[in-house]
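Survey of secondary and tertiary structure
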Amino acid sequence: MAYHPPSGPPPYYGYPPPPSTAPGAFTYVPAPVMMPMYPESNNPTYVTNYIYPPQPAPEPPIVIDNIESDVIDWVPSTPHEAHSLYGRAFLAGREGWDNSPLWAIRAHYNGNLVPGKLAIKHRAAYIPFGGREVPVHNFEVLCAPQIAVKWVPMSHGQVPSGGIIAGNTQDAEPLYLARVRHKGSLTPGKVQPSNSCCSISYGGVEISFAQYEVLCYEEGYN
């Protein structure tokens, strides 16, 4: 026997039920539902559509230089690659304990460009900064003929005419290449005139000296 579905609309199982259209029927009117109230949170959530503007790229480090490329040069290198510069690198000093050569270098550090030393035999480079002897692994080696430059004795932050600018602070104060004798070594370092001294790295620390020699151009080469 075939099945015949009941006449009329299909049953409705939603909520609320639909209003009745039969005569005399009551229409369902949903009553307002009271929702529970919760205490305000101490950490309200805010929604915002604020778009932050793109941030500017950091400024490149300032480099102050008075070096003529046809007289002396700064050559990028590392402790393990600097041996290729033998014959070109400037001999700025020597280690006191084994008389091995010290080359003059400069390296970027915390926004500064700081002169320092490379113990080429031991493949170790350092700069004096913030009271410490800071090891550096990427630097520039000073290459210059010995006859193009000279060492001039100075003191208390003074720099002679023709002094070679080898770096600068992050505030654009020039730093000059200098050297001092200390415990048998002749060690290159930096002169920052505002500090009234020469600073070298030695034995893990930065040491300051009132008397020093500043590297300058020889007359006729600058």
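Residues numbered from 1 in each chain as written. Predicted model: local features only at pLDDT ≥ 70, side-chain atom pairs only at ≥ 80, totals over all residues. Heavy atoms only, no water.

1. What to know about the nonpolar core
In this structure, L85, W103, I105, L118, V136, F139 and V141 are the most contacted members of the largest nonpolar core, which totals 18 residues. Going through the elements one at a time, β3 (101–109), β4 (112–119), β5 (124–129) and β7 (139–143) are the ones with two or more residues in this core. Membership of the second largest hydrophobic core comes to 16 residues, among which are W74, L142, W151 and L215. (Core = buried A, V, L, I, M, F, W, Y, C linked by side-chain atoms within 4.5 Å. Buried < 20%, exposed > 50% of the residue type's maximum accessible area, 1.4 Å probe, protein only. Helix = DSSP H or I, 4+ residues; strand = E, 2+ residues; numbered from the N terminus.)

2. Side note on the pattern of salt bridges
Counted according to the given criterion, the structure contains six salt bridges. Between E133 and K117 there is a salt bridge, with its nearest N and O atoms 3.3 Å apart. Placement of E133 in strand β6 (residues 132–135) and of K117 in strand β4 is noted, with a sequence separation of 16 residues between them. The two residues E133 and K117 agree in class, both being buried. Close ionic contact of K190 with E206 constitutes a salt bridge, the shortest N to O distance being 3.6 Å. Pair noted here: K190 is in strand β11 (residues 185–192) and E206 is in strand β13 (residues 205–209), with a separation of 16 residues, a long-range link. (Salt bridge = Lys/Arg side-chain N within 4 Å of Asp/Glu carboxyl O.)

3. Description of the pairing of strand β9 (residues 165–168)
Across three bridges, β9 lies against strand β10 (residues 174–182) in antiparallel orientation. Residue pairing for β10: N168 is matched across the bridge by P174. Between β9 and β10, which pair antiparallel in sequence order, lie five residues; one of them, A172, sits at a positive phi of approximately 70°. (Pairing = 2+ DSSP bridges.)

4. Things to note about the side chain of S77
Note that S77 resides in strand β1 (residues 73–77). Only 3.2 Å separates the side chain of S77 from the backbone nitrogen of A82, close enough to count as a polar contact. Apart from residues lying up to four places away in sequence, S77 is in contact with A82, L85, H137, N138, F139 and V141. (Polar contact = N/O pair within 3.5 Å; in protein donor to acceptor, adjacent residues only side chain to side chain. Contact = heavy atoms within 4.5 Å.)

5. So, the pairing of strand β14 (residues 211–217)
The buried count for β14 comes to five of seven residues, which makes it a mostly enclosed element. Pairing geometry for strand β8 (residues 149–155) and β14, over seven bridges, is antiparallel. The partner of W151 across the bridge, within β14, is L215. The pairing of β10 with β14 spans two bridges and is antiparallel. The partner of A178 across the bridge, within β14, is V214.

6. Details of unusual backbone geometry
One non-glycine residue, H156, adopts positive backbone phi at about 50°. With respect to the helices and strands, H156 occurs in the loop between β8 and β9. One non-glycine residue with positive phi stands out, namely K183, at about 50°. In this fold, K183 is placed in the loop between β10 and β11. Residue K183 is classed as exposed on the basis of its relative accessible area of 66%.

7. Details of the packing of aromatic side chains
Within this structure, the stated rule accounts for three aromatic pairs. Measuring from ring centre to ring centre gives 5.0 Å for Y86 and W103, while their planes differ by 80°; the resulting arrangement is edge-to-face. Here W103 lies in strand β3 and Y86 lies in the loop between β1 and β2 (91–94), a separation of 17 residues in the sequence. Residue W103 is classed as buried on the basis of its relative accessible area, which comes to 3%. Here the aromatic rings of Y109 and F129 are separated by 5.0 Å at their centres, their planes lie at 75°, and the arrangement is edge-to-face. (Phe/Tyr/Trp six-rings, centres within 6.5 Å; stacked < 30°, edge-to-face > 60°.)

8. A few points about the environment of G87
Looking at the element boundaries, G87 is found in the loop between β1 and β2. Exposure remark for G87: the relative accessible area of 83% places this residue in the exposed category. For the pair G87 and C143, spaced 56 residues apart in sequence, the C-alpha separation works out to 8.8 Å.

9. Quick notes on the confidence of the model for the protein chain
Here the protein chain averages 82 in pLDDT, and 68% of its residues register 70 or above. Low pLDDT (under 50) marks residues 12–17, which in the prediction has five contacts with non-local residues, meaning those over four places away or in another chain. (pLDDT = per-residue confidence, 0-100.)

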